[in-house]
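# Survey of secondary and tertiary structure
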Amino acid sequence: MTDRSPSTWFVTGASSGIGLALARATAGRGDRVAALARDVSVLAPLADQHDDRVLALRADVRRPAEVDAAVARAMEVFGRLDVVADNAGYGLFGAVEESTDEQARAVFDTNVFGLLHVLRATLPVLRAQRGGHVLQGSSYYGRVAHAGVGLLAATKYAVEGLTEALVGEVEPLGIRVTLVEPGPTATAFGANLQVAATIGDYDPTVREVQRAIAALPPEASNGPDRVAAAILTAVDPDRPPRRLVTGSYAVQEIRAALQAQLDELEAWSGTAAAVDGAAAA
Ligand SMILES: NC(=O)c1ccc[n+]([C@@H]2O[C@H](COP(=O)([O-])OP(=O)(O)OC[C@H]3O[C@@H](n4cnc5c(N)ncnc54)[C@H](OP(=O)(O)O)[C@@H]3O)[C@@H](O)[C@H]2O)c1
């Protein structure tokens, strides 16, 4: 234990995986946590263990009224919010063309609009406090994408884009923002993954990637408790990272993608510069 004063957390997607690990870790170190889940019965053991510090709240992030009610209840009980972990989300696998409109909209509803509902509900509290830290649920798929993860990556890239702008808007108000970009993590993410219908032409790419991912040994995925511990280290310092990547695999993938982008930017910079100048009359 350190001599820091306890913080109050608001964690979405706390029924399993990284969100549950984060709720456990925060309560375990003496913080208070409003833990949101669609099925709060899953949180009963944690709430029983720390009954004064864990508030289990039912909310589906796709429903703004439920998120608003959860924020109101958390404020009633705890009186403030220090860290908002906008973590709820799920994956969709399949070629871009294979994903139905319904599947594509559904994954945006949770991963992007759900996150937006949580921001809209919690930012007024953080603004009034002139302080707080928002942890935006992204992924290494918010920085890189390969065959089969197009729609999932689209949601995470959307989160990255809106967050880049959000930083400039809320940092002057004393609110810190960190994008959490986990690499492969051993959670219920795989079990909750939606899979699009298959078109044979994508078997050599999308299905091959899917097979390769399924064949990865368990040790290729990091434990959610370790990811939660990394998140705690990023929340406490005075200058938290803009992006927190977890796992060496994700670091390697992101580094390679950034380098490739930079190389291509340089290679084509002459063409880019050739269009400088006013429009021809
Ligand atoms: N695991 C990975 O490899 C990995 C890698 C990069 C990023 N991530 C990201 O990490 C975050 C957490 O995922 P996880 O790996 O911990 O997976 P998980 O074990 O499946 O947890 C996802 C959580 O999100 C909740 N959720 C989904 N839809 C929701 C909704 N509409 N309303 C409220 N809650 C909802 C789930 O609740 P229910 O139990 O009610 O479904 C669950 O608590 C996600 O944003 C995911 O994209 C995961």
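In what follows, the structure referred to is the one given above.
Computed from a predicted structure; not experimentally measured.

If you walk through the whole model with that rule in mind, you get two aromatic pairs. Ring geometry for Tyr 140 against Tyr 141: centres 4.3 Å apart, planes inclined by 25°, an arrangement best described as stacked. Tyr 140 gets classed as buried once you look at its relative accessible area, which sits at 6%. The exposure class assigned to Tyr 141 is buried, which follows from its relative accessible area of 8%. Judged by centre distance (5.9 Å) and plane angle (75°), the ring pair of Tyr 140 and Tyr 249 falls under edge-to-face. Linking Tyr 140 in the loop between strand 6 (132-137) and helix 5 (150-170) with Tyr 249 in helix 9 (residues 248-267), this pair joins segments that are 109 residues apart in sequence. Judged by its relative accessible area of 38%, Tyr 249 falls in the partly exposed class. In this structure an aromatic cluster arises from ring pairing among Tyr 140, Tyr 141 and Tyr 249.

Ordered in space as 3-2-1-4-6-7-9, the seven strands form an open sheet in which the pairing is parallel. Strands at the two margins of the open sheet, each flanked by one partner only, are strand 3 (54-58) and strand 9 (243-246). Averaged over all pairs of adjacent strands, the angle between strand axes in this sheet comes to 15°, irrespective of strand direction. Here three bridges tie strand 1 (residues 8-11) to strand 4 (residues 83-86), and the two strands are oriented parallel to one another. For Val 11, the partnering residue across the bridge sits in strand 4 and is Ala 85. Here helix 4 (residues 101-129) sits on the sheet and contacts strand 1, strand 4, strand 6 and strand 7 (175-182); the angle it forms with strand 6, its principal contact strand, is near 175°.

Further remarks concern the site of the ligand. Taken together, 26 residues lie near the ligand, and Ser 15, Ser 16, Arg 38, Thr 187 and Asn 192 sit nearest. Gly 89 is positioned such that a nitrogen or oxygen atom in its backbone is 3.3 Å from an oxygen atom of the ligand. Take Ala 188: an N or O atom from its main chain is 3.1 Å from an oxygen atom of the ligand. Relative to its free-state accessible area of 880 Å², the ligand is covered by the protein chains to the extent of 92%. Mapped by element, the contributors of at least two residues to the shell around the ligand are helix 1 (17-28) and helix 6 (189-192). A class-by-class count of the residues in the shell around the ligand yields nine nonpolar, 13 polar and four charged.

Rules used throughout
- Residues numbered from 1 in each chain as written.
- Predicted model: local features only at pLDDT ≥ 70, side-chain atom pairs only at ≥ 80, totals over all residues.
- Heavy atoms only, no water.
- Phe/Tyr/Trp six-rings, centres within 6.5 Å; stacked < 30°, edge-to-face > 60°.
- Buried < 20%, exposed > 50% of the residue type's maximum accessible area, 1.4 Å probe, protein only.
- Helix = DSSP H or I, 4+ residues; strand = E, 2+ residues; numbered from the N terminus.
- Pairing = 2+ DSSP bridges.
- Axes fitted to C-alpha atoms, helices over the stretch in contact; angles between N-to-C directions.
- Contact = heavy atoms within 4.5 Å.
- Near = heavy atom within 4 Å.
- Polar contact = N/O pair within 3.5 Å; in protein donor to acceptor, adjacent residues only side chain to side chain.
- Areas by Shrake-Rupley, 256 points an atom, 1.4 Å probe, with all protein chains shown as cover.
- Nonpolar A, V, L, I, M, F, W, Y, C, P; charged D, E, K, R; others polar.

The values are spatial; any link to function lies outside them.
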